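Commentary on secondary and tertiary structure
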Amino acid sequence: MRNRGRIIVRGIVQGVGFRPFVYAKAQELGLSGTVQNLGSEVEIKATGERFLDFLDVISRGPPLARIDSVQVADLFEPVGSGFTILPSAPGALTGMIPPDVATCDACIADIFHEGGRYKGYYATSCTNCGPRYSIIGQLPFDRERTSMSVFPMCPACAAEYRDPHCRRHHAQTIACPDCGPVLTLYDAQGRRSDCCDPVRETADLLDAGRIIGVRGMGGFHIACIEESADELKRRLGRTEQPFAVMVRPDALDTIAHVSDDERDLLNSPVHPIVVLVKRDPSAHAGISNLHTIGCMLPYTGLHHLLFSYLSHPLLIMTSANMPGYPMITDIDHAMAKLSGNADFFLTHNRAIVNRCDDSVIRDGYIIRLSRGIAPRRTAIDLGNRCILGVGPELNANATVYCDGFAITSPHVGNVRNPSTLDYLRETVARLRRLLGAHFDVVAHDLHPQFLSTRFAQELADEADIEHIPVQHHRAHIAATTMEPCIGIAIDGVGYGDDGSVWGGEVFCGQAPDLERVAHLEPVPMPGGDLATRFPERMLYGILPEPEILGLLASKGWSEIELGVLKKQVDRGINVAMTSSTGRVLDAASALLGICRERTYDGEPAMKLESAAAQGTPEEWDLIFSSTGRTETLSTRALMESALARLREAPAGDRRSLHDIAASFQFNLARGIARLATNAAHKNGIRTVALSGGVAYNHMVRETIRHEISRASLDFLISRDEPLGDGCVSFGQCVYAGTLLRQRN
Ligand SMILES: [Zn+2]
Ligand SMILES: [Zn+2]
């Protein structure tokens, strides 16, 4: 029986307390030897009677670890007596960058333990929790390569760090009030408060209705109580967009319905924002005028302390940056950018090396891949070339594929903004350095005008490497599966093969050979992008009838405006053609008078969904047509059905509006599902995959799922990658990888 060996463990084994775990188990089972971090693997040399038992527990790892492989080789050299944790050494980088972890229960207990040395300390952490990615400069994850390096451990912290029986044995983020980072409260003029407890003072100010910039783990939030919501909206100029809230755990159930899965997620090491269905759809309207509300639980020591002093049970906690722009990370920048928006600033003196927004999840599907999840590492075989995917434009991020792993960065934002594009550059540079990557290929969107496309071309030119354009919706499907499938991609906008605006597409095949076999009927977008901002334009594009012109006139459109709109559609002037699902939902929202102007991404369709959530759907007729191999669903016919119901409805009757909204979504989803099942039967394919931002819509997604299984086909949807554009950089890598393999 084997009683000695050299064990190599690969996977998420850094920043998760792996070495102390190995040490404790070795002690327990009476083994001697060493454990050492090598880049992103851990090497253990061990000998002892119970070696095999040891190997067994090591293979399972501590709670936060994710183990890809455990290899055992013979060990010939002698090991000394006892068991030692050796200093880290550089080694192979297989893509392990640990994400930030919410404060664990044991550390929360320490923070509130009377007389304990962590009492009231906001940055209390251990091997099981605390910042990781947001403080990392370089791998392996050791204190000297993080922004904790400027805080030398005090004797008490150093003793815990060395103590194998302590939870903070080798905890790289260990800190206490004597040696760690500290909090400071400033007013808007930059004057420092000399109060003895900045957290208590912040809580008092929040309770009094003040708006405060709070520097957290990955960037600045703006925080205030619900009563200050209108003032916050006024200051930010964001009158419609819902805010996320941080909720005291005991108050959660009074606000929203929470399933067991959602509760587990809210309490998981990730602690994401979870989009929940409100108990009363009209409640908390100042925070969210949808039927849903994004909630998270306190996830750092600072949050727990704040809520212990605060008398209000919830805080609006929104990223301090404008939507689509990068998180604000340093205090000077915050004071400059938030001047006039925040009354006070609560900050700390530990540098945020890598910014990271809060992750957002709805119904178990990732909307924003960020804190706690990203950098996300996926084991996948895309060959031996190193591939960079730079993502699309809205909701961009970056993915690097090397040696069997794809690593996706946290959410970057809308790279149409130059500052966000800079952040994308920075993110790519950081991933490259952390992973030691040398790109062989850059994959990017097919859209020639995207700044991310130009960035990819620049990178390719500089390094003299190939760049591969990937059609947006094919990237969505490639991110979902590499197997043969019928792929449904439904979202707002993506540049199509023919230069038109795609967004309601059905593909057949296997990445990279995904043939477009069905789509929504192409309809005009009068005024191009203006039709996205003003969905009533889209409505007339889909239904160019005098009755719609009359409806628009009744909403205040002038004769001249209507004349221009009519001319645009009649003659095709300044009109783009689109098969976008999002634009069709927008138009229905406009028809029902639910949303006339889009002030944030997805607004008209989200408001339509909230109205539909209170309605009961009925089946309408679906009209299909075919040209060659391609089938289309008539969205014009759906809009006509909606208009006919609207005509019959009593004026101002909310319930009929809700029913029409529900029916519209339901029948659009049925139609899309039918395009897919028809394509599946025609091509003898058994699996239907779904991706795209519209798939977050509960009724649309569940109707499609239902129809697919009714047709006895397998339904595939990703819970690991976002359904929206956050999956595109990963999908670009998959597409490029399969294309390169095909060429060989
Ligand atoms: Zn902890
Ligand atoms: Zn200390």
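Treat the numbers as computed from the prediction; the structure is a model and nothing was measured. The residue numbers shown here count from 1 along each chain, following its written sequence. As they are written, the chains are lettered A onward and the ligands numbered 1 onward, keeping that order. Where local features are concerned, this predicted model is filtered to residues with pLDDT of at least 70; where side-chain atom pairs are given and counted, the filter is 80 or more; whole-chain, interface and lining totals use all residues. As a rule here, side-chain values come from all non-hydrogen atoms in the structure, and water together with hydrogens is ignored.

**Regarding the overall build of the chain**
- When you go through the chain residue by residue, the secondary structure sums to 23 helices and 31 strands.
- Each residue is assigned to one of three classes by its accessible area relative to the maximum for its type, calculated with a 1.4 Å probe on protein chains only: buried under 20%, partly exposed between the two thresholds, exposed over 50%. The buried share of the chain, reckoned over its 744 residues, is 61%.
- Contact criterion: two residues are considered in contact whenever any of their non-hydrogen atoms come within 4.5 Å of each other. Counting only contacts in the chain whose residues sit at least 6 apart along the sequence, the fraction spanning at least 24 positions is 72%.
- Using the Shrake-Rupley algorithm and a 1.4 Å probe, accessible areas are obtained, with residue cover drawn only from the displayed protein chains. Here the chain displays about 28,100 Å² of accessible surface, and carbon together with sulfur accounts for 49% of that area.
- Residues scored as charged are limited to Lys and Arg (positive) and Asp and Glu (negative), so that His and the chain ends carry no count. A charge is said to be at NZ when it belongs to Lys, at CZ for Arg, at CG for Asp and at CD for Glu. Within the chain, one finds 74 positive and 88 negative side-chain charges whose respective centroids are separated by 2 Å. Each helix is a run of H or I in the DSSP string that is no shorter than four residues. Each strand is a run of E no shorter than two, and both are numbered from the N terminus.

**Looking at unusual backbone geometry**
- Following A374, the chain continues to P375 via a peptide bond in cis, the omega torsion being 0°.
- Along the chain, the position of P375 falls in the loop between β16 (365–368) and β17 (376–379).
- Geometrically, the link from A511 to P512 is a cis peptide bond, its omega value of 5° lying close to zero.
- Following the sequence through the fold, P512 ends up in the loop between β24 (501–510) and β25 (513–520).
- We note that H284 has phi near 50°; this positive angle belongs to a residue other than glycine.
- Relative to the assigned elements, H284 resides in the loop between β11 (273–278) and β12 (292–296).

**Description of the pattern of salt bridges**
- When a carboxyl oxygen of Asp or Glu lies within 4 Å of a side-chain nitrogen of Lys or Arg, that pair is called a salt bridge. Tallying each qualifying case throughout the model produces 51 salt bridges.
- A salt bridge links D74 to R2; the nearest nitrogen and oxygen atoms lie 3.2 Å apart. Here R2 lies in the segment before β1 (4–12) and D74 lies in the loop between β4 (66–73) and β5 (83–85), a separation of 72 residues in the sequence.
- Residue R2 is classed as partly exposed on the basis of its relative accessible area, which comes to 31%.
- With its nearest N and O atoms 3.5 Å apart, the salt bridge here joins R598 to D601.

**Focus on the coordination of the zinc ion (ligand 2)**
- Sodium, potassium and calcium take a 3.2 Å donor cutoff, other metals 2.8 Å, and in both cases only N, O and S atoms count; water is not among them, so sites may look incomplete. For the zinc ion (ligand 2), the full set of protein donor atoms is C154 (SG), C157 (SG), C176 (SG) and C179 (SG), at a range of 2.2 to 2.3 Å.
- Angle rules define the geometry names used: all angles between 85 and 135 degrees makes four donors tetrahedral, while opposite donors over 155 degrees apart and all other angles between 65 and 115 make four donors square planar and six octahedral, leaving every other case irregular. Taken together, the four donor atoms coordinating the zinc ion (ligand 2) span angles of 103 to 117° at the metal, a pattern that classifies the geometry as tetrahedral.
- Here the donor residues of the zinc ion (ligand 2) share one chain and are spaced in sequence as C-x2-C-x18-C-x2-C. Of this pair, C154 sits in the loop between α3 (105–111) and α4 (155–162) while C176 sits in the loop between α4 and β6 (183–187), and the two are 22 residues apart along the sequence.
- Classification of C154 as buried rests on a relative accessible area of 11%.
- Residue classification places C176 among the buried residues on the basis of a relative accessible area of 1%.

**Structural notes on the coordination of the zinc ion (ligand 1)**
- For the zinc ion (ligand 1), every protein donor is listed as C104 (SG), C107 (SG), C126 (SG) and C129 (SG), and the spread of their distances is 2.2 to 2.3 Å.
- Here the zinc ion (ligand 1) is ringed by four donor atoms whose angles at the metal span 104 to 117°, and the overall shape comes out tetrahedral.
- For the zinc ion (ligand 1), the donor residues sit on a single chain with the sequence spacing C-x2-C-x18-C-x2-C. Of this pair, C104 sits in the loop between β5 and α3 while C129 sits in the loop between α3 and α4, and the two are 25 residues apart along the sequence. Like C104, the residue C129 is buried in the burial classification.

**Looking at the packing of aromatic side chains**
- Classification of ring pairs uses Phe, Tyr and Trp, with its six-membered ring standing for Trp, and accepts pairs whose centres are within 6.5 Å; under 30 degrees between planes counts as stacked, over 60 as edge-to-face, and the remaining range as tilted. Tallied over the full model, the rule gives six aromatic pairs.
- Residues F18 and F21 carry aromatic rings whose centres are separated by 6.2 Å and whose planes lie at 45° to one another, so their mutual orientation is tilted. In this pair, F18 and F21 are both assigned in helix α1 (residues 18–29), three residues apart and thus about one turn of the helix distant. The same class applies to F18 and to F21, which are both buried.
- Relative to F507, the ring of W502 has its centre 6.4 Å away and its plane inclined at 45°; by these criteria the two rings are tilted. Each member of the pair, W502 as well as F507, is classed as buried.
- Grouped by ring-pair contacts, the aromatic residues Y23, F54 and F83 constitute a single cluster.
- Here the basic side chain of R168 rests over the ring of Y118, its NZ or CZ set 4.0 Å away from the ring centre.
- Over the ring of Y299 we find R371; its NZ or CZ atom is 3.5 Å from the centre of that ring. Only when the NZ atom of a Lys or the CZ atom of an Arg is both within 6 Å of the ring centre and within 35 degrees of the ring normal do we say a charge sits over the ring.

**Topic: the sheet that holds β17**
- When DSSP finds two or more bridges between two strands, those strands count as paired. Pairing is mixed across the open sheet formed by six strands, whose spatial order is β17-β20-β19-β18-β21-β22. Of all strands in the sheet, those with a lone pairing partner are β17 and β22 (466–470), marking the two edges. Averaged over all pairs of adjacent strands, the angle between their axes in this sheet comes to 20°, without regard to strand direction.
- Of the strand pairs in this sheet, β17 and strand β20 (residues 405–408) are connected by four bridges, and their pairing is antiparallel. Here, axes are lines fitted to C-alpha atoms. For helices the fit covers the stretch in contact, and angles between N-to-C directions go from 0 to 180 degrees.

**Notes on the packing of helix α5 (residues 198–207) against helix α9 (residues 301–309)**
- Here α5 crosses α9 at 55°, and the two axes come no closer than 9 Å. Relative to α9, the element α5 lies oblique. In terms of crossing hand, the pair formed by α5 and α9 is right-handed. Contacts between α5 and α9 pair V199, R200, T202, A203, L206 and D207 from the former with L302, L305, L306 and Y309 from the latter.
- Residues were grouped as follows: Ala, Val, Leu, Ile, Met, Phe, Trp, Tyr, Cys and Pro as nonpolar; Asp, Glu, Lys and Arg as charged; and all remaining residues, including Gly, as polar. A class-by-class count of the residues in the contact of α5 with α9 yields seven nonpolar, one polar and two charged. In what follows, roughly perpendicular refers to angles from 65 to 115 degrees, roughly parallel to angles under 35, roughly antiparallel to angles over 145, and oblique to any angle outside these ranges. Left-handed describes a crossing whose near helix is turned anticlockwise from the far helix through less than a right angle; right-handed describes the clockwise counterpart.

**Looking at the sheet that holds strand β3 (residues 41–47)**
- Sheet architecture is open: five strands sit in the order β4-β1-β3-β2-β5, paired in mixed fashion. Strands at the two margins of the open sheet, each flanked by one partner only, are β4 and β5. Between one strand axis and the next, the sheet turns by 15° as a mean value, whatever way the strands run.
- Set on the sheet, α1 makes contact with β1, β2 (32–38), β3, β4 and β5; between it and β5 the angle comes to about 175°.
- Running at roughly 155° to β4, helix α2 (residues 51–60) makes contact with β1, β3 and β4 of the sheet.

**As for the nonpolar core**
- Of all hydrophobic cores here, the largest spans 70 residues; its most connected members are I486, I488, V506, M639, F664, L668 and I704.
- In terms of residues, this core owes the most to one element, helix α21 (residues 654–683), which gives 14 residues. Residues enter a nonpolar core if they are buried and are Ala, Val, Leu, Ile, Met, Phe, Trp, Tyr or Cys, with the set joined through side-chain atoms within 4.5 Å.

It is worth stressing that arrangement in space is one thing and function is another; only the former is reported here.
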